[in-house]
Amino acid sequence: MAAGYAWARGRAAAGEATMFAGAVEWLVTTAASWALMPLLLGAGMRVLREHGNTALMVGGGLVWAVLSLAFVDGIDRPGGFMPLPALTVWILAGTGLAGAGPGRRRGRPRGPPAR
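From a predicted model like this one, the values you see are computed outputs, not experimental measurements.

Participant: If you had to explain helix α1 (residues 2-13) to someone new, which residues and values would you point to?
Facilitator: Across its 12 residues, α1 extends 16 Å between first and last C-alpha, which sits within 8% of the 16 Å expected from 1.5 Å per residue. Turning to α1, its buried residues number three or more, namely G4, Y5 and A8. Projection of α1 onto a plane perpendicular to its axis shows the buried side chains occupying an angular sector of 95 degrees, all on one side. Residues A3 and A13 are exposed on α1 and point more than 90 degrees away from its buried face. The inward-facing, buried residues of α1 contact α2 (23-47) and α4 (72-76).

What follows is the structure in structure tokens.
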């Protein structure tokens, strides 16, 4: 996100004196962040061979969108970043949502049936 916002600042400072200079780049960066975070969460869960992670993908993506909007001024400045407490909230929310999937039945092993 910081690199994308630097791209938007560079376009705004490139000599365009309009009010919306760099706005498209800013929107593309923000939209890419919001779209990629649920995909990354889902890919990570697939790598770990976890199933039923829809709550994590949707909830984690929404929490990410809220946090990135709340701290966009800090991320958007040169050398900016999201504060560590905000990232901690996101991690804790994701951890809680990861356990919100469908429960396993006792006595039934997970995976394909044994031969």
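Participant: Kindly report on the nonpolar core, identifying the contributing residues and their values.
Facilitator: The biggest cluster of nonpolar side chains holds 10 residues, and these are Y5, M37, L41, W64, L67, V72, I75, M82, A86 and W90. Once residues lying within four places of it in the same chain are set aside, the contact partners of A86 are L67 and F71.

Participant: Quick rundown of the environment of G99? Include the residues and the values.
Facilitator: Structurally, the position occupied by G99 is in the segment after α5 (84-98). Relative accessible area serves as the criterion here: at 64%, G99 is assigned to the exposed category. Along the backbone, G99 and G52 are 47 residues apart, and their C-alpha atoms lie at a distance of 9.4 Å.

Participant: Just give me the short version of α2, but keep the residues and values in it.
Facilitator: The terminal C-alpha atoms of α2, which comprises 25 residues, lie 36 Å apart, in line with the 36 Å expected from a rise of 1.5 Å per residue. Every buried residue belonging to α2 is among E25, T29, T30, S33, M37, P38, L41, G42 and M45, and all of these are buried. Contacts from the buried residues of α2 go to α1, α3 (54-70) and α5. Within two residues after α2, R49 carries a phi angle of roughly 60 degrees, on the positive side.

Parameters at a glance
Residues numbered from 1 in each chain as written. Predicted model: local features only at pLDDT ≥ 70, side-chain atom pairs only at ≥ 80, totals over all residues. Heavy atoms only, no water. Helix = DSSP H or I, 4+ residues; strand = E, 2+ residues; numbered from the N terminus. Expected span 1.5 Å × (residues − 1). Buried < 20%, exposed > 50% of the residue type's maximum accessible area, 1.4 Å probe, protein only. Arc of directions from axis to C-beta. Contact = heavy atoms within 4.5 Å. Core = buried A, V, L, I, M, F, W, Y, C linked by side-chain atoms within 4.5 Å.

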